[in-house]
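Breakdown of the fold
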Amino acid sequence: MKTTISEVSKYAGQEVTIGAWLSNKRSSGKIAFLQLRDGTGFMQGVIVKAELGEEKFQEAKALTQETSLYVTGTIVEDTRSSFGYEMQVKDFEIIHEAVDYPITPKEHGTEFLMDHRHLWLRSRKQHAVMKVRNEIIRATYEFFNDNGYTKIDPPILTGASAEGTTELFHTKYFDEDAFLSQSGQLYMEAAAMAFGKVFSFGPTFRAEKSKTRRHLIEFWMIEPEMAFMDHEDSLQVQEQYVSHIVESVLENCKLDLEALGRDTTALEKIKAPFPRISYDKAIDLLKEKGFNDIEWGEDFGAPHETAIAESFDKPVFITNYPAEIKAFYMKPDPDRPEVVLCADLIAPEGYGEIIGGSQRIDDLALMKQRYDEHELSGDAYQWYLQLREYGSVPHSGFGLGLERTVAWLSGVEHVRETIPFPRLLNRLYP
Ligand code: 4AD
Ligand code: MG
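Attention here is on the structure that accompanies the text. (Residues numbered from 1 in each chain as written. Chains lettered and ligands numbered in written order. Predicted model: local features only at pLDDT ≥ 70, side-chain atom pairs only at ≥ 80, totals over all residues. Heavy atoms only, no water.)

As for the packing of helix H12 (residues 364-373) against helix H13 (residues 378-386)
Interhelical geometry of H12 versus H13 gives an angle of 160 degrees and a closest axis separation of 11 Å. Between H12 and H13, the angle falls in the class roughly antiparallel. Considering how the two elements wind past one another, H12 and H13 form a crossing that is right-handed. Together, Leu364, Met367, Lys368 and Tyr371 of H12 and Tyr381, Tyr384 and Leu385 of H13 make up the contact between the two elements. Partitioned by chemical class, the residues of the contact of H12 with H13 number six nonpolar, no polar and one charged. (Axes fitted to C-alpha atoms, helices over the stretch in contact; angles between N-to-C directions. Helix = DSSP H or I, 4+ residues; strand = E, 2+ residues; numbered from the N terminus. Parallel < 35°, antiparallel > 145°, perpendicular 65-115°, else oblique. Left-handed = near helix turned anticlockwise from the far one by under 90°. Contact = heavy atoms within 4.5 Å. Nonpolar A, V, L, I, M, F, W, Y, C, P; charged D, E, K, R; others polar.)

Topic: the nonpolar core
Counting residues in hydrophobic clusters, the biggest one holds 55 residues, and the most contacted among them are Phe144, Trp408 and Leu409. Dropping the residues within four chain positions of it, Leu409 is found in contact with Val132, Ile136, Ile245, Val246, Val249, Leu257, Arg262 and Leu267. Counting residues in hydrophobic clusters, the runner-up holds 32 residues, among them Ala160, Leu186, Ile294 and Tyr381. (Core = buried A, V, L, I, M, F, W, Y, C linked by side-chain atoms within 4.5 Å. Buried < 20%, exposed > 50% of the residue type's maximum accessible area, 1.4 Å probe, protein only.)

So, the site of ligand 1
Within the structure, ligand 1 sits among 22 residues, and Glu163, Gln185, Glu208, Glu223 and Glu353 are positioned closest to it. Between ligand 1 and the protein, one listed contact pairs an oxygen atom with a side-chain N or O atom of Arg206 at 2.9 Å. Protein burial of ligand 1: of its 630 Å² of free accessible surface, 93% is covered by the chains. In a pocket analysis with a 2 Å cut-off to the grid points, ligand 1 is assigned to the second largest pocket. Every element with two or more residues in the shell around ligand 1 is listed here: strand E12 (218-227), strand E18 (352-359) and strand E19 (395-401). Of the residues in the shell around ligand 1, the class split is seven nonpolar, seven polar and eight charged. (Near = heavy atom within 4 Å. Polar contact = N/O pair within 3.5 Å; in protein donor to acceptor, adjacent residues only side chain to side chain. Areas by Shrake-Rupley, 256 points an atom, 1.4 Å probe, with all protein chains shown as cover. 1 Å grid on protein atoms, 1.4 Å probe; cavity = no way out; pocket = protein on both sides within 12 Å on 5 of 7 lines; lining within 4 Å. Sits in = over half its atoms within 2 Å of the grid points.)

A short note on the pairing of E18
Burial within E18 is extensive, with six of its eight residues counted as buried. When strand E17 (residues 342-347) meets E18, the two strands line up antiparallel, connected through six bridges. Across the sheet, residue Cys342 finds its bridge partner in E18, namely Ser358. Where E17 folds back on E18, the antiparallel hairpin that results is connected by four residues, among which Glu349 adopts a positive phi of roughly 60 degrees. Pairing analysis gives five bridges linking E18 to E19, with the strands arranged antiparallel. Note that in E19 the partner of Ser358 across the bridge is Gly397. (Pairing = 2+ DSSP bridges.)

Details of the sheet that holds strand E9 (residues 170-173)
Taken together, the three strands give an open sheet; going across it, the order is E8-E10-E9, and neighbouring strands pair in antiparallel fashion. The sheet is open, and its two borders are formed by strand E8 (157-158) and E9, each paired with just one other strand. Note that E8 and strand E10 (residues 176-180) share two bridges and pair antiparallel. Opposite Leu157, over in E10, you have Leu180 as the bridge partner.

Remarks on the sheet that holds E12
An order of E7-E11-E12-E19-E18-E17-E14-E13 is seen for the eight strands of this open sheet, with the pairing classed as mixed. Across the chains shown, the open sheet's two edge strands, defined by having one partner strand only, are strand E7 (150-151) and strand E13 (276-278). Strand direction decides the pairing type here: E7 and strand E11 (residues 197-205), joined by two bridges, are parallel. Paired with Thr150 across the two strands is Val198, which belongs to E11. On top of the sheet, helix H5 (residues 124-146) reaches E7, E11, E12 and E19; it is set at about 155 degrees to E11, its chief contact.

Points about a nonpolar patch on the surface
A contiguous nonpolar surface patch, about 360 Å² in accessible area, is contributed by Leu157, Tyr173 and Phe174. With respect to the helices and strands, the residue Tyr173 is situated in strand E9. By relative accessible area, Tyr173 is classed as partly exposed at 38%. (Patch = residues over 30% accessible without salt bridge, like charges linked within 9 Å, V, L, I, M, F, W, Y side chains within 5 Å. Salt bridge = Lys/Arg side-chain N within 4 Å of Asp/Glu carboxyl O.)

Observations concerning empty space enclosed by the protein
Take a probe with the size of a water molecule and roll it over the atoms, and the empty space left behind shows itself. In this structure the tally under the stated criterion is two cavities of 30 Å³ or more. When its volume is computed, the largest cavity comes out at roughly 80 Å³. At the level of secondary structure, the elements contributing two or more residues to the lining of the largest cavity comprise helix H6 (185-195) and H13. In terms of residue class, the lining of the largest cavity is built from seven nonpolar, seven polar and no charged. Its boundaries defined by the atoms lining it, the second largest cavity holds a volume of some 50 Å³. Lining the second largest cavity are Arg213, Arg214, Gly350, Tyr351, Arg404, Ala407, Glu413, His414 and Val415. Class assignment for the residues of the lining of the second largest cavity results in three nonpolar, two polar and four charged. (Points joined across faces, edges and corners; volume = space filled by probe spheres on them.)

What about the pattern of salt bridges?
Per the counting criterion, the structure on display carries 29 salt bridges. Linking Lys56 and Glu59 is a salt bridge whose minimum nitrogen-to-oxygen distance equals 3.4 Å. Of this pair, Lys56 and Glu59 are both found in helix H2 (residues 54-61), three residues apart, which corresponds to roughly one turn of the helix. Exposure remark for Glu59: the relative accessible area of 31% places this residue in the partly exposed category. Its salt-bridge partner being Glu135, residue Arg138 comes within 2.9 Å of it at the nearest N-O pair. Here Arg138 and its partner Glu135 are both found in helix H5, three residues apart, which amounts to about one turn of the helix. Through salt bridges with shared partners, a single network forms among Arg37, Glu66 and Arg122.

Distances and angles like these do not, on their own, reveal function.
Structural data, given as structure tokens:
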């Protein structure tokens with residue numbers, strides 16, 4: 001019976017065959033332990049010389065790292081490992097011998113590992129991070145599908161910017177100029193007017209010259225957009241959505257979180273509602289914490305966000321930023337037009353902003369005024385104005401950065417390990 005490591009619990013006491021790679025091994029005179037991985041999981045295979053004979057035992061001892069094999073044996077419960085099962089190997093067959101696999105169990109530098117990303121993905125920790133990523137994506141579809149949202153796919157090639165022109169990737173579109181999408185938001189607003197509640201999930205691009213642990217050039221964003229919802233309604237969706245993701249990862253990625261050494265007690269506290277603090281209060285808090293130079297009207301950097309987050313053990317919404325430092329489409333607070341109805345959600349433990357969101361301007365005249373102030377070309381944005389012309393309604397939305405969320409939940413320091421093949425300032429390989 002051919003099966004996978006993820007399925008072995010169904011075969012306790014039975015003989016099965018698994019296609020696997022050898023990730024590590026150790027042996028003594030009479031017994032060898034093979035660390036096997038098959039993509040679905042990690043399991044130990046035990047080879048006893050007395051059972052397989054001298055020749056096969058010597059062959060096992062000579063197996064090299066990342067050699068591919070078919071391994072046949074009996075599945076037995078193993079209470080010492082958290083996986084809970086191991087295989088008593090009866091026989092194995094080499095499919096392909098790997099010679100001098102570059103990533104050995106010793107420590108390697110980050111640049112070396114990044115150059116070998118196509119192989120590094122096989123390692124236990126990297127595998128765990130991708131499983132957490134996958135679970136967040138699964139839980140995202142679950143949450144929005146269960147709550148009446150329609151998934152809509154905005155285009156990647158666009159004729160205009162969504163978040164300001166300084167970070168745009170330019171390309172030619174036959175004879176026209178085009179840009180890689182920074183955000184699907186503007187298109188999602190059109191979709192919300194057609195479908196009510198929508199969400200997107202796709203790659204976005206920022207030609208940012210930032211080299212920080214939170215910035216990628218290509219990253220994936222989940223962007224929900226809701227008609228007839230104001231800023232407060234949107235905050236509630238955000239805290240419920242993030243709580244659902246955290247709960248799903250805790251429930252379905254136990255072995256992965258363990259492999260990553262993630263302290264889950266911090267994650268268990270992440271339940272809606274989340275605290276909120278206005279931008280004004282955040283400025284006061286920062287001054288109290290010794291950031292004496294910060295002035296009202298300045299944007300927050302990573303050290304500011306980290307300092308604010310330290311005061312809370314859940315993600316915290318920083319609301320109502322000055323209009324000056326936010327995007328053109330955000331709706332001014334009717335009581336105080338110098339600030340906008342927006343929030344950034346800051347993750348705990350120094351992982352930074354994971355969500356940016358706002359209520360959108362729904363008034364045609366005000367939107368036209370913003371076009372002028374921001375010198376937006378009438379041609380490229382004509383369609384977006386029309387959304388305010390024909391049955392405009394209050395609407396809100398937000399964007400969650402997948403990689404920063406993966407970094408937070410996995411507890412990995414740098415977003416470069418949270419996407420299979422990261423695009424960084426100085427890296428397009430592999
Ligand atoms: O705050 P941002 O720029 O917001 C938008 O793009 C809005 N249009 C979203 C919306 O309202 N539909 O980006 C949203 C999130 C950030 O909070 C952050 O998590 C992530 O995207 N993000 C990045 N992640 C990795 N690398 C980068 N360079 C990122 N830039 C933004
Ligand atoms: Mg932002």
